[in-house]
Each structure stands twice: as structure tokens, then as C-alpha cells.
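Structure at a glance
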Amino acid sequence: MRKIEPERIRRAARIYASNQEASRALGIAPGSFSRLCRLYKIETPYARKRRRREEFGRQRDDDLLEDIDIDLQEIKALEEVLDLN
């Protein structure tokens, strides 16, 4: 088996959108690509997608909580106005 430099693996992981595309570009099996990424502590395209999806979900949850907080403040302000009249 020929040795693949970590920098080539890192570059393929960064450029390609899937583990399969990256492994195909390097001429190795997808399992070998994943194993080499773990060995050199390189984030795979699959892991990158999963991380971004989780970050997006957390951001969306934070935005929703912020909207709820604003709505509650508006309700309290309206209640105060209604009580004054």
C-alpha cells in the first residue's frame, strides 16, 4: 500500500463534499479514508456536515428562544398598558 501524505488527506477532506468523493480522488476506499482521517485527527466531510447541521440547529433554537422572550416582554408591556386604562 502506498503512503498518502497527511496534507493530501487534509486537502481532500476540505475540498470534497463527501467522504466517498474524497476517497475516490485519493484512489482509496472510503473506509481507509475515514481511518486515515481519524489517525491524523482530520475532520471528514461527513463530520463537518454533521457539525454544521448541529450548529445550525442550536442557532435556530437560540433564535426561537430569543423570539419567545421578546414576545413575553411585549405581552407584559401590553398588560401594563391595559391595566393603566
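If you're wondering where the values come from, they're calculated on a predicted model, not measured in any experiment.

**A closer look at the overall build of the protein**
Helix and strand content of the protein: four helices and zero strands. Counting across all 85 residues of the protein, residues that qualify as buried make up 20%. Taking contacts inside the protein between residues at least 6 apart in sequence as the whole, the part at least 24 apart equals 58%. Surface summary for the protein: the accessible area is close to 6900 Å², and the carbon and sulfur share equals 54%.

**Considerations on helix α1 (residues 6–15)**
When α1 is considered as a whole, its buried residues turn out to be I9, A12 and A13. Here the buried residues of α1 occupy an arc of 100 degrees about the axis, which is enough to place them on one side.

**Let's talk about unusual backbone geometry**
Phi is positive for K41, close to 55 degrees, though the residue is something other than glycine. Along the chain, K41 falls in the loop between α3 (30–40) and α4 (45–84).

**Observations concerning the environment of R2**
Take R2: it is sitting in the segment before α1. Overall, R2 belongs to the partly exposed group, its relative accessible area being 47%. Sequence separation between R2 and I28 is 26 residues; the distance between their C-alpha atoms is 10.0 Å. Once residues lying within four places of it in the same chain are set aside, the contact partners of R2 are R8, L26 and G27.

Cut-offs and rules
- Residues numbered from 1 in each chain as written.
- Predicted model: local features only at pLDDT ≥ 70, side-chain atom pairs only at ≥ 80, totals over all residues.
- Heavy atoms only, no water.
- Helix = DSSP H or I, 4+ residues; strand = E, 2+ residues; numbered from the N terminus.
- Buried < 20%, exposed > 50% of the residue type's maximum accessible area, 1.4 Å probe, protein only.
- Contact = heavy atoms within 4.5 Å.
- Areas by Shrake-Rupley, 256 points an atom, 1.4 Å probe, with all protein chains shown as cover.
- Arc of directions from axis to C-beta.

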